[in-house]
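Okay, here's what each chain looks like letter by letter:
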Amino acid sequence: MFALPVIGALTPFRAQKLMGNVGWFGVVALCAFMVGLRQEIGADWFTYDFYFQEVAAMTFREALAFNDPGYYGLNWIVEAIGGDVYWVNAICAVIVMSGVSVFTRHQSLPWVALSVAVPYLVIVVAMGYTRQGAALGFVLLGLTALSRGRSASFVAWVVCGALFHKSAVLVLPIAVVAATKKRLWTFVWVSATGVLGAYLLVAEESQELWRLYVEERMQSDGGAIRIAMNAVAAVAFLLVGKKFRLPMTEFRIWWWMSVFALVCIPLVFISSTAVDRVALYFIPVQLFALSRLPLLSTDPGYRTLLIAGVVGFYAAVLWVWLNFATHSQEWIPYRNLLLS
């Protein structure tokens, strides 16, 4: 999954064009296949399987009220037509990989951006956190739309993501701070949407979430490391982002995303689990900023070295995670429904 986009990233620019849409679609489809049809892979695999069985005994209305309505409604529909949890995983994999594909293709060096995405966003998040992975896929679609000035589309995609994991509503303020025109109107309608979404999706569970994440200080192994990875990309953008010569709207998006990513650093010591979950939505900063770093050099040789440095860093991230992460044994050995 990682080697193929790296090959694309290190292939000379002219040869990249020859790879074209077919090669790109093939790599993205392979990742969706590996994520969607995984068998007992990920620390929460059996939890999601249990939820599927539990939702199967409910009415559709009960399933929508059970927790995240998009995800559990999908479970109910899949069970009603004779499917199983693999169908749910496959649909969520298509959602997240669609977001990854659209977002990374929008970058100046798409293969580099995809190489950055695979080690953690795809392998860890998409395979481990099915609901939040799907939510992140919608957020990526929204960020791509927002970079083109389509704030209404951004809000719509984020709301879709929030139906799969409520935490996605926390991304909505990006539309406000990134606005360069009609800021007051954007503030009013985005804020109204955010408040309504938070009330409908989060209000009932707010006290329990506060108790778990703040009062009891629920902790996540490796949360600080993952937040640090966002911070590295955020600092890189804040230092050299102006040299990317971005349109003002796009620059504001990533300036604020970088700032929010850095704000997570002190908060991680209060509740690493809560901040870790929120910080997942700032992973796109890594894809955006680090895939653009090679463009700072006009010399082909230096640019290739910078690309090699970026993909080498993420190769190290993947190797360290697979060998030393607390829950990596839930991913190794990899098993697939159609390959076992």
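Here the residue numbering is sequential within each chain, running from 1 through the sequence in written order. Residue-level local features of this predicted model are given only where pLDDT is at least 70; pairs of side-chain atoms are given and counted only at 80 or more, and the full residue set underlies all totals for whole chains, interfaces and linings. Where side-chain values are given, they derive from all heavy atoms of the structure, hydrogens and water being excluded.

## Regarding helix α3 (residues 45–56)
Only DSSP runs of H or I reaching four residues or more are called helices, and only runs of E reaching two or more are called strands; each is numbered from the N terminus. Multiplying 1.5 Å by the residue count of a helix minus one yields the expected span of that helix. Compared with an ideal rise of 1.5 Å per residue, which puts twelve residues at 16 Å, α3 spans 17 Å between its outermost C-alpha atoms and is within 8% of the ideal. Classification of residues uses two cut-offs on accessible area relative to the type maximum, computed with a 1.4 Å probe and protein chains only: under 20% is buried, over 50% is exposed, and between them is partly exposed. Within α3, burial applies to W45, Y48, F52 and V55. On an axial view of α3, the arc spanned by its buried residues comes to 95 degrees, and they lie on one face. Residue contacts are counted whenever heavy atoms from the two residues lie within 4.5 Å of one another. For α3, the elements touching its buried residues are α4 (60–66), α5 (69–80), α6 (85–105), α7 (110–128) and α8 (130–147). The arc in question is the one traced by the directions running from the helix axis out to the C-beta atoms.

## Here's the deal with the nonpolar core
Working definition of a nonpolar core: buried Ala, Val, Leu, Ile, Met, Phe, Trp, Tyr and Cys residues. They are joined through side-chain atoms within 4.5 Å. Formed by 83 residues in total, the largest nonpolar core has its most connected members in L121, F154 and W254. Take this core: its biggest share by element is 14 residues, from α7. Not counting chain neighbours up to four residues away, the residues in contact with L121 comprise V96, V100, A126, L136, L140, I283 and L287. With 18 residues, the next largest nonpolar core counts A63, Y71, L74 and Y86 among its residues.

## Remarks on the packing of α8 against helix α14 (residues 248–267)
Running from N to C, α8 and α14 cross one another at 140 degrees; their axes reach a closest spacing of 8 Å. Judged by the inter-axis angle, α8 sits oblique to α14. Counted together, L143, L146 and S147 of α8 and T249, E250, I253, W254 and M257 of α14 form the full contact between these two elements. Throughout this entry, Asp, Glu, Lys and Arg are counted as charged residues, while Ala, Val, Leu, Ile, Met, Phe, Trp, Tyr, Cys and Pro are counted as nonpolar. The remaining residues, Gly among them, count as polar. A class-by-class count of the residues in the contact of α8 with α14 yields five nonpolar, two polar and one charged. A fitted line through C-alpha atoms serves as each axis, taken over the contacting stretch for helices, and the angle formed by two N-to-C directions is quoted from 0 to 180°. Orientation categories follow fixed angle ranges, with anything under 35 degrees roughly parallel, anything over 145 roughly antiparallel, 65 to 115 roughly perpendicular, and all other angles oblique.

## Overview of empty space enclosed by the protein
Here the term cavity refers to a set of points on a 1 Å grid, laid over the protein atoms alone, in which a 1.4 Å probe fits but cannot get out; the term pocket refers to an open set having protein on both sides within 12 Å along at least five of seven lines, with lining residues being those that place an atom within 4 Å of a point. Grid points are joined across faces, edges and corners, and a volume is the space filled by probe spheres set on the points. In total, this model carries two cavities of 30 Å³ or more according to the counting rule given. Of the volumes computed, that of the largest cavity is approximately 50 Å³. If you trace the largest cavity, you find it lined by Y120, R226, I227, M229, N230, D276, A279, L280, I283 and Q286. Those elements that provide at least two residues to the lining of the largest cavity are α13 (223–240) and α15 (272–279). Broken down by element, the lining of the largest cavity gets its largest block of residues, four residues, from α13. Tallied by class, residues from the lining of the largest cavity come to six nonpolar, two polar and two charged. Here the second largest cavity defines a volume of roughly 40 Å³.

## Focus: a nonpolar patch on the surface
On the surface, a nonpolar cluster with roughly 460 Å² of combined accessible area is contributed by F60, L64, I77, I81 and W87. Here I77 shows up in helix α5. Excluding any residue in a salt bridge, patches collect residues exceeding 30% relative accessible area, merging like charges within 9 Å and nonpolar Val, Leu, Ile, Met, Phe, Trp and Tyr side chains within 5 Å. Only the protein chains shown count as cover for residues, and the accessible areas themselves come from Shrake-Rupley with a 1.4 Å probe. The term salt bridge refers to a side-chain nitrogen of Lys or Arg lying within 4 Å of a carboxyl oxygen of Asp or Glu.

## Remarks on helix α1 (residues 3–10)
Buried residues of α1: P5, V6, G8 and A9, and no others. One face of α1 carries all of its buried residues, which in axial projection span an arc of 160 degrees.

## Topic: the pattern of salt bridges
Overall, the coordinates contain two salt bridges when judged by the stated rule. With a shortest N-O distance of 2.5 Å, R131 and D68 are connected by a salt bridge. Taken together, the positions of R131 in helix α8 and D68 in the loop between α4 and α5 put the pair 63 residues apart, joining distant regions of the chain. On the basis of relative accessible area, D68 is assigned to the buried category, the value being 2%.

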